[in-house]
Amino acid sequence: MFNEKTIEQVWTLARTVEGFNPDIIRKDACGAWIMKSQYGNRDSIYGWEIDHVYPLSMGGTDEMANLRAMQWENNVAKGDDYPVYKSKIQAEGNKNIYKEEQYTVNDSLQERLKQLYN
């Protein structure tokens, strides 16, 4: 469980989109739309959770550099995969659709996490 301060901090790290109010809606690391008010809501296509980029199972922690907002189905699809992982939800225009993609954590973040955890 994350406290309100952490949830707010992680939200501010999610990608903003020009023309959309960043206090209401943003995109996750996979490009899926997420709504701030839908944190923890697995009944919403815009629901999101806090992902541990470097998984807890591999020794990751709640360090802010290791946390990011992720649409909940993308977070489930990612699971404990690192640095390559799959997503389940993508944005198409102003809605989310089911479309699987593969991603790799970017090199600069991998380097920061390596310094933290290796």
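Residues numbered from 1 in each chain as written. Predicted model: local features only at pLDDT ≥ 70, side-chain atom pairs only at ≥ 80, totals over all residues. Heavy atoms only, no water.

Within an unreviewed UniProt entry, the label attached to the protein reads HNH endonuclease, and the organism entered is Phocaeicola plebeius.

**Q** So what exactly am I meant to see when it comes to the layout of surface pockets here?
**A** Over the atoms rolls a probe the size of a water molecule, and its path tells where empty space is left. In this structure, the largest pocket spans a volume of roughly 170 Å³. Taken together, the elements giving at least two residues each to the lining of the largest pocket come down to strand S4 (67-71) and helix H3 (107-117). In terms of residue class, the lining of the largest pocket is made up of eight nonpolar, two polar and two charged. (1 Å grid on protein atoms, 1.4 Å probe; cavity = no way out; pocket = protein on both sides within 12 Å on 5 of 7 lines; lining within 4 Å. Points joined across faces, edges and corners; volume = space filled by probe spheres on them. Helix = DSSP H or I, 4+ residues; strand = E, 2+ residues; numbered from the N terminus. Nonpolar A, V, L, I, M, F, W, Y, C, P; charged D, E, K, R; others polar.)

**Q** I would appreciate a short explanation of the pattern of salt bridges in the present structure.
**A** A side chain with one charge may pair with a side chain of the opposite charge, provided their charged atoms come close. This model, assessed by the stated rule, comprises six salt bridges. Arg-42 is the salt-bridge partner of Glu-49, the closest N and O atoms lying 2.6 Å from each other. Between Arg-68 and Asp-51 there is a salt bridge, with its nearest N and O atoms 2.9 Å apart. A residue pair is termed long-range when its members are at least 10 positions apart, and Arg-68 in strand S4 and Asp-51 in strand S3 (residues 48-52) qualify at 17 residues. In terms of burial, Arg-68 and Asp-51 fall into one category: buried. (Salt bridge = Lys/Arg side-chain N within 4 Å of Asp/Glu carboxyl O. Buried < 20%, exposed > 50% of the residue type's maximum accessible area, 1.4 Å probe, protein only.)

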